[in-house]
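# Architecture and fold: a report
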Amino acid sequence: MTHVHAPVDAPARLRTAGLRVTAQRVAVLEALSQSAHAPVDALHEMVHRDIPGIALQTVHGIVNDLTDARIAQRVSLPGAASSLYELARGDNHHHVQCVVCGRVEDVECVVGEAPCLTPSDPHGMRILEAAVTFRGICNDCA
Ligand SMILES: [Zn+2]
Ligand SMILES: [Zn+2]
Ligand SMILES: [Zn+2]
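Residues numbered from 1 in each chain as written. Chains lettered and ligands numbered in written order. Predicted model: local features only at pLDDT ≥ 70, side-chain atom pairs only at ≥ 80, totals over all residues. Heavy atoms only, no water.

How big an interface is tends to be stated in terms of the accessible area lost upon association of its parts. Here the domain parsing of the protein yields domain 1 (10–87) and domain 2 (91–142). Distance between the C-alpha centres of domain 1 and domain 2: 23 Å. Tallying the contact residues gives seven residues for domain 1 and eight residues for domain 2. The contact between domain 1 and domain 2 buries some 590 Å² in all, and 60% of this surface belongs to carbon and sulfur atoms. On the domain 1 side of the contact with domain 2, His37, Leu77 and Pro78 bury the most area, a combined 67% of that side's loss. Scanning the region where domain 1 abuts domain 2 turns up zero salt bridges. In this assembly, domain 1 and domain 2 are joined by four residue pairs in polar contact (both at pLDDT 80 or more). For the side of domain 1 that touches domain 2, the elements supplying multiple residues, two or more each, are strand S1 (72–75) and strand S2 (84–87). Looking at the side of domain 1 that touches domain 2 residue by residue, the class counts come to four nonpolar, two polar and one charged. (Domains from an automatic or database assignment. Contact = heavy atoms within 4.5 Å. Buried area = accessible area lost by both parts, 1.4 Å probe. Salt bridge = Lys/Arg side-chain N within 4 Å of Asp/Glu carboxyl O. Polar contact = N/O pair within 3.5 Å; in protein donor to acceptor, adjacent residues only side chain to side chain. Helix = DSSP H or I, 4+ residues; strand = E, 2+ residues; numbered from the N terminus. Nonpolar A, V, L, I, M, F, W, Y, C, P; charged D, E, K, R; others polar.)

Written out as structure tokens, the structure is:
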């Protein structure tokens, strides 16, 4: 089962983040809010239905702007061909990934806050976070 976020007020979200409201940005943000974890080409495919002329490169640029503005966040998974993007939730959730089909779902942080793990020797660094991805096999693939 895929978790879908509630619809966002895209223009308000953009304005709050200090980004100019354009039809293209609104369309990308709405596509992002309708998908749980999506690669840029999937977002492009969704946006393309409303704005037929939009280039993949334009969607890439908008996703980067949204990520810089902390409206979106990048989900980098081991062995993934491309980064996935999701709406930033302002939490410290992690992901569980099926090693067979690649399906990705959100899981709450086991610890509750970052950093989830502390190294025995941080080499003088103040640890901000640990990137945690749980890998398993989903029911369909078992
Ligand atoms: Zn699977
Ligand atoms: Zn997520
Ligand atoms: Zn955690």
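Here the zinc ion (ligand 1) is held by the protein donor atoms Cys98 (SG), Cys101 (SG), Cys138 (SG) and Cys141 (SG), which lie 2.3 Å from it. Classification of the site at the zinc ion (ligand 1) as tetrahedral follows from its four donor atoms and the range of 105 to 114° in their angles at the metal. (Donors = N, O, S within 2.8 Å, 3.2 Å for Na, K, Ca; no water. Tetrahedral: all angles 85-135°; square planar, octahedral: opposite > 155°, others 65-115°.)

So, on to helix H3 (residues 40–50). Along H3, the residues classified as buried are Val40, Leu43, His44 and Val47. Axial view of H3: buried residues confined to an arc of 100°, hence all on one face. Set apart from the buried face of H3 by more than 90 degrees, the exposed residues are Glu45 and Arg49. Looking at the buried positions of H3, the neighbouring elements they touch are helix H2 (23–34), helix H4 (56–68) and S2. (Buried < 20%, exposed > 50% of the residue type's maximum accessible area, 1.4 Å probe, protein only. Arc of directions from axis to C-beta.)

Let us look at the sheet that holds strand S4 (residues 104–107). Sheet architecture is open: three strands sit in the order S4-S3-S5, paired in mixed fashion. Both edges of this open sheet fall to S4 and strand S5 (133–136), since each of them pairs with a single strand only. Taking the axes of each pair of neighbouring strands and ignoring which way they run, one obtains an average angle of 25° across the sheet. Across four bridges, strand S3 (residues 94–98) lies against S4 in antiparallel orientation. Within S4, the position partnered with His95 by the bridge is Asp106. (Pairing = 2+ DSSP bridges. Axes fitted to C-alpha atoms, helices over the stretch in contact; angles between N-to-C directions.)

In this section: a nonpolar patch on the surface. Residues Val99, Val100 and Ile137 make up a contiguous nonpolar surface patch of about 280 Å² in total accessible area. Checked against the element boundaries, Val100 lands in the loop between S3 and S4. Here Val100 falls in the exposed class, since its relative accessible area comes to 56%. (Patch = residues over 30% accessible without salt bridge, like charges linked within 9 Å, V, L, I, M, F, W, Y side chains within 5 Å. Areas by Shrake-Rupley, 256 points an atom, 1.4 Å probe, with all protein chains shown as cover.)

Relative to each other, H2 and H3 sit at 120°, their axes nearing to 9 Å. As summarised for this structure, H2 and H3 are arranged oblique, according to the angle between their axes. The way H2 lies across H3 gives a crossing that is right-handed. Mapping the contact onto sequence places Ala27, Val28, Ala31, Leu32 and Gln34 in H2 and Leu43, Met46 and Val47 in H3. (Parallel < 35°, antiparallel > 145°, perpendicular 65-115°, else oblique. Left-handed = near helix turned anticlockwise from the far one by under 90°.)

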